[in-house]
Structure formats: C-alpha cells, structure tokens
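Spelled out, the chains give:
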Amino acid sequence: MAEAPLSLSALNLTASALLGKPRVLVLGAGGWFGKTALSLIARHTKSLMLVGSHERAVVVNGRPFHIEKWSEEEVAKFRPEIVLDFAYLIRSFLTDHGFSDYVQINRELSQRVLSLAFLGWVEGILTVSSGDAIEARNRPSTYIETDPYGALRDEFERKFLEETHRHSVRAFIARAWSVSGGFVGKPMNYALSSFVLQAVTAKRI
Amino acid sequence: MDGVTGELDSGGRLVEMTELALEIAAQVEGTNIVEKVPNRSEKDVQQYCSDNAGWEAQIEARNYLPASLSSQIANVITALRSPP
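Below, the structure is looked at part by part. (Residues numbered from 1 in each chain as written. Chains lettered and ligands numbered in written order. Predicted model: local features only at pLDDT ≥ 70, side-chain atom pairs only at ≥ 80, totals over all residues.)

1. Notes on the overall build of chain B
Helix and strand content of chain B: three helices and one strand. Counting helices and strands in the order they occur from the N terminus, chain B gives β-α-α-α. Taken along its principal axes, the extent of the C-alpha atoms in chain B is 50 × 40 × 20 Å. Relative to its full complement of 84 residues, chain B shows a buried share of 13%. (Helix = DSSP H or I, 4+ residues; strand = E, 2+ residues; numbered from the N terminus. Buried ≥ 20, exposed ≤ 12 C-beta atoms within 10 Å, placed from the backbone.)

2. Topic: the pairing of strand β4 (residues 63-69) of chain A
All names here are of chain A. Bridging between strand β2 (residues 47-52) and β4 involves two bridges; their strand directions are parallel. Across the sheet, the residue bridging to G52 is K69, located in β4. Note: strand β3 (residues 56-60) against β4, five bridges, orientation antiparallel. Following the sheet pairing, A57 is matched in β4 by H66. In this antiparallel pair of consecutive strands, β3 and β4, the connection spans two residues, and N61 shows a positive phi of 50°. (Pairing = 2+ DSSP bridges.)

3. Some words on the packing of helix α1 (residues 17-27) of chain B against helix α3 (residues 69-81) of chain B
Residue and element names in this part refer to chain B. For the pair α1 and α3, interaxial distance at closest approach is 10 Å and the crossing angle is 60°. Regarding the angle of α1 to α3, the classification is oblique. As for how α1 packs across α3, the hand of that crossing is right-handed. For the pair α1 and α3, the contacting residues are E23, I24 and Q27 in the first and L69, S70, I73, A74 and I77 in the second. Here the contact of α1 with α3 is built from residues that sort into five nonpolar, two polar and one charged. (Axes fitted to C-alpha atoms, helices over the stretch in contact; angles between N-to-C directions. Parallel < 35°, antiparallel > 145°, perpendicular 65-115°, else oblique. Left-handed = near helix turned anticlockwise from the far one by under 90°. Contact = placed C-beta atoms within 7 Å. Nonpolar A, V, L, I, M, F, W, Y, C, P; charged D, E, K, R; others polar.)

Written out as structure tokens, the structure is:
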C-alpha cells in the first residue's frame, strides 16, 4: 500500500484548526472524504472517535483505525468538541436502496448531525455537501422526486445552518462541486479518476 | 462568514473533458485518447460548476496553495496503482 501524498498547505490548515481540540468525532470515516480527513488529522488529534455504516478496521496511509457503528450513548461518553461529518449516501446508492429507503436513510444521517448541535460540548461541526444542493435551491418541493440527492442536501444545509446558529455551534459547509483524491471509493463514477483508471488499466481513454 | 457559520464551494479553473484526458495521457505513457468530445463551453448547456469567487477569496485570505491539476492527476494515478 502506498501513502497518499498530503498537501502541506492542507496539513498546516488542519493543524491550526484543531489546535487545542483533543476530541474529534468523524462521521462517515470509512468513505472517500472520511479517509482523506483521517490522513490529515490523525497526527494532530489526541482522541478520535470514528463512526461508519458498519463496524470495521481500515488502514489509512499504513496506520490502522477502528470504525464503529453509531451509538448515541457512546458519542455522549466521548463528548466530542469537533465533529467532521461525511456521512451521506451519494446519488449512486439510490439504485441500491430505492427511493423511499434512500430518502429515509439520508434523513436519519442528517438528524444525527443536527442532534449533535444540541450537545453542550460540541463547539464546531464541519459538514461536506455538494453543488447539487445549489442546483436544487429554488426548485419546487416536488424536485425531491427528480433529484433526491440534491433536494436532500439542500434540505439538510438549511436545517444545519438554522440549528447550529440557534445553539451557537460553529458550523461550516464545504460544498464539493468537482474534487479529486487518492481515497476515491468509486473511481468510475468521476471523470478524473475514471479517465486515470482507463489509462492505467487499458492505456486508452 | 459571520464568525459562527460559514460556507465554501470548491473551485478552480474550468477544464474541458478532452483537456483532462490529454493531461492524464501525458502522465500515463502509451495512453491513447479514443474519442475527443466537443467542449461543453462551446455548447448551450447548463454548466455544473461553482462561481469560483468564494474559493479564490478564501485561498488568498488563508495563503493556501491548492494542488495543481497535474499533481492531482499524479496523486490519483499513484493511488489507483497502489491504494493508500
């Protein structure tokens, strides 16, 4: 296994953002963004709690991490100060789950994050959203049937900003429009990684 | 940002698919580009991209050095050949 190259700029920004914040909770830790975050924060954080869709061990840049399932009780015991939220089913999961389950699961994941804003010890939450949320904005409410991913991202962003503001929790939405990275989980779903995969495996794009 | 909440859209230079393919082919020796597609910017289609303004402002304010397209491609080539 190779080590994913890390940007010095990103490492420095991460270090300054996490200075003096020993307890960090990562939601969706086993996915593309979660693993990327782990590679950036592991060396700066004394205490990490990693939550994913199921319990498992992952290795990121040669270092093993344990991912556990969500437990409200365990999260309360951990008392996170900073929450990094990457837990969301992207559009490609719609086919696997079907419309109703897809909507329900994503709303449950959203509700978990919103519930963290109520906890007195959470100082800040960073969540990753999508440009699809902007695309969905100002569309009619029935847009959820056309593009549940975008509509749900927009719905979540609004509630997230409202709830975190109400509880004086620092909140940040990082909206990904087009991104790349070595931890991409489904390379064929994205232009850059798909082209790279075609070039590396078949020498043709 | 108001000190409590903030939002940031990813940004960067717009790259057409054919240009992207050419950049990747330049880094993976012997790669052929089978089909060059017309540039989206030349067609009357909706563009899926941020306005880049917030991104540019934030990277300047924070003295952040974003990875170039070339180094992003190199990172993904390395990762897909040997997952991190």
